[in-house]
Amino acid sequence: MARSLLMVSRRAPWSGLGAREALDIVLAGGAYELPLAMLFMDDGVLQLVKGQAPQLLEQKNLGANLQALPLFGIEALFVCGASLAERGLSAEHLALDARILQASDLAMLFNQYNEVITL
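If you're wondering where the values come from, they're calculated on a predicted model, not measured in any experiment. (Residues numbered from 1 in each chain as written. Predicted model: local features only at pLDDT ≥ 70, side-chain atom pairs only at ≥ 80, totals over all residues. Heavy atoms only, no water.)

### Section: the overall build of the protein
And step 1. From N to C terminus, the protein includes four helices and five strands.
And step 2. In sequence order, the secondary structure elements of the protein are arranged as β-α-β-α-β-α-β-α-β.
And step 3. Here the C-alpha atoms of the protein give a radius of gyration of 14 Å, agreeing with the 14 Å that 2.2 N^0.38 yields for 119 residues.
And step 4. Taking the principal axes of the C-alpha coordinates as reference, the protein spans close to 45 × 30 × 20 Å.
And step 5. When contacts within the protein are restricted to residue pairs at least 6 apart in sequence, those whose partners lie at least 24 apart make up 76%.
And step 6. Accessible surface, the protein: about 6700 Å² in total, of which carbon and sulfur atoms supply 53%.
And step 7. Here the protein holds 8 positive side-chain charges and 12 negative ones, and the gap between their average locations is 3 Å. (Helix = DSSP H or I, 4+ residues; strand = E, 2+ residues; numbered from the N terminus. Rg over C-alpha atoms; globule rule 2.2 N^0.38 Å. Contact = heavy atoms within 4.5 Å. Areas by Shrake-Rupley, 256 points an atom, 1.4 Å probe, with all protein chains shown as cover. Lys, Arg positive; Asp, Glu negative; His and termini not counted. Charge placed at Lys NZ, Arg CZ, Asp CG, Glu CD.)

Laid out in structure tokens, this is it:
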């Protein structure tokens, strides 16, 4: 049986390469049909906010890569509810359909995957 992977993305889209590297790893894994999921938490939830203008910060837009996740078979998308709340965000602010998890659900999610990578 194939190993499964949970990618935890904790970086804001404009705070360096962490967010882009997490997406690259997940997209590569999806191309090889690796069972995987992606969890956005801490500042990583900011990657999902609608209507960003990264060009104002001379950054590349991660939105196209995020929208491509389902095309690569990555449909298990999760977001930490506490991280959203700490930043004044809710499901209405998100550009992608992701399941919002509470703190009690996170431990169960981590236990479902053989490998966890955090960036």
